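# Chains, contacts and geometry: an overview
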Amino acid sequence: MADLKPKLEESWRIALQDEFNARYFINLKEFLADEKRIYSIYPKGEHIFAALNYTPLPSVKVVIIGQDPYHGPGQAHGLSFSVPEGVKLPPSLQNIFKELYSDIGSKIPKSGNLIKWTQEGVLLLNATLTVRKGEPGSHQGKGWELFTDKIISTISDLRAGVVFILWGRYAQDKEKLIDTSKHFIISSPHPSPFSAHKGFFGHKHFSKTNSILTDIGLEPINWNLD
């Protein structure tokens, strides 16, 4: 699968260079090549590593961990919870925006494109970076989790004072990769309609993050998208 030969931002390319020659990653590329011959795969190849390319390792201040890319046509573009301009807001993202308004009074944006957050130092990382059209979870357990766990542990090892926002049990399981003696965890139920009313709403994720960042002498995130 030629488009999985990553064109990565330099800091990530250096930090992750050993992964691309690892047996699991070679197997993953072979799996994706087979998948692509039969199925539609999301996101497009040039967007698979978008989260890393938009937010270099030295710039990471916040990490928001998702599970899978969106599996509908035109939705996935390589950033967790984000959708391109003009795409209808998925339910979880609608709830994120409701909480954003409730927490900091930020106007609910019409667009679900979260690229502005990445430019503020927010890494929008899915644990699995590809998915088969219409089949959520179809690329889980194929090697992506080993790769993205390495991303999380690399941030934990090489950086300090990063805020990890863990929404839902799947993301919370990643806490074992994070050195909590030098990083910060904000944990709550997932923004999905199935769980948002069980503690996601009202958790004040965004203001809590900015309070942590300012307390350690960093610029807060500008969460406003409009």
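Please read all numbers here as calculations on a predicted model, not as lab measurements.

### Quick word on the overall build of the protein
Assigned secondary structure in the protein consists of 8 helices and 6 strands. If you list the helices and strands of the protein from N to C, you get α-α-β-α-β-α-α-β-β-α-β-α-β-α. For the protein, the spread of C-alpha atoms along the principal axes amounts to about 45 × 35 × 30 Å. Residues counted as buried form 52% of the 226 residues belonging to the protein.

### Here we look at the side chain of D68
Considering the arrangement of structural elements, one finds D68 in the loop between strand 2 (62-66) and helix 4 (91-104). For the buried D68, no salt bridge is present, and the opposite-charge side chain at shortest range is K174, 10 Å distant. Within the local environment of D68, its side chain forms a polar contact with the backbone nitrogen of G137, the two atoms lying 2.4 Å apart. At 3.2 Å, the side chain of D68 forms a polar contact with the side chain of Q140. The contact partners of D68, leaving out residues within four places of it in the chain, are N126, T128, V131, P136, G137, S138 and Q140.

### A closer look at the sheet that holds strand 3 (residues 122-126)
The strand order across the open sheet formed by 4 strands is 3-2-5-6, and the pairing between neighbours is parallel. Among the strands making up the open sheet, the edge pair consists of strand 3 and strand 6 (184-188). The average undirected angle you get between the axes of adjacent strands in this sheet is 20 degrees. Inspection of the sheet shows strand 2 paired to strand 5 (residues 163-167) by 3 bridges, in the parallel sense. Its bridge partner lying in strand 5, V62 is registered against V163.

### Some thoughts on the pairing of strand 5
Across the 5 residues that make up strand 5, a large majority, 5, are buried. Alternating residues of strand 5 divide into V163, I165 and W167 and F164 and L166, and every residue in both groups is buried.

### Digging into the packing of helix 2 (residues 23-38) against helix 6 (residues 144-158)
Following both chains from N to C, one finds helix 2 and helix 6 inclined at 130 degrees, their axes separated by 9 Å at the closest point. The orientation of helix 2 with respect to helix 6, classified from their angle, is oblique. Contact with helix 2, carried on its side by Y24, F25, L28 and L32, involves W144, L146 and F147 of helix 6 and no other residues of that element. For the contact of helix 2 with helix 6, a count of residues per class yields 7 nonpolar, no polar and no charged.

### Let's talk about the environment of I185
Within the element layout of this structure, I185 appears in strand 6. Its relative accessible area of 26% is what places I185 among the partly exposed residues. Each C-alpha atom, one on I185 and one on A196, is 18 Å from the other, the two residues being 11 residues apart in sequence. Apart from residues no more than four positions distant in its own chain, I185 is found in contact with F164, L166, E175, I178 and T180.

### Observations concerning the environment of S181
Topologically, S181 is positioned in the loop between helix 7 (168-172) and strand 6. Among the residues examined, S181 registers a relative accessible area of 66% and is labelled exposed. Separated by 110 residues in the primary sequence, S181 and H71 have C-alpha atoms spaced 36 Å apart. Side chain to side chain, S181 and D179 meet in a polar contact 2.5 Å long.

### Quick word on the packing of helix 4 against helix 8 (residues 205-215)
In the contact formed by helix 4 and helix 8, the axes pass within 7 Å of each other and the chain directions differ by 60 degrees. Here helix 4 is positioned oblique relative to helix 8, judged by the angle of their axes. Here I96, E99, L100, D103 and I104 of helix 4 come into contact with helix 8, specifically with H205, F206 and S207. A breakdown of the residues in the contact of helix 4 with helix 8 according to their chemical character gives 4 nonpolar, 2 polar and 2 charged.

The rules behind these values
Residues numbered from 1 in each chain as written. Predicted model: local features only at pLDDT ≥ 70, side-chain atom pairs only at ≥ 80, totals over all residues. Heavy atoms only, no water. Helix = DSSP H or I, 4+ residues; strand = E, 2+ residues; numbered from the N terminus. Buried < 20%, exposed > 50% of the residue type's maximum accessible area, 1.4 Å probe, protein only. Lys, Arg positive; Asp, Glu negative; His and termini not counted. Salt bridge = Lys/Arg side-chain N within 4 Å of Asp/Glu carboxyl O. Polar contact = N/O pair within 3.5 Å; in protein donor to acceptor, adjacent residues only side chain to side chain. Contact = heavy atoms within 4.5 Å. Pairing = 2+ DSSP bridges. Axes fitted to C-alpha atoms, helices over the stretch in contact; angles between N-to-C directions. Parallel < 35°, antiparallel > 145°, perpendicular 65-115°, else oblique. Nonpolar A, V, L, I, M, F, W, Y, C, P; charged D, E, K, R; others polar.

By themselves these figures say nothing about function.
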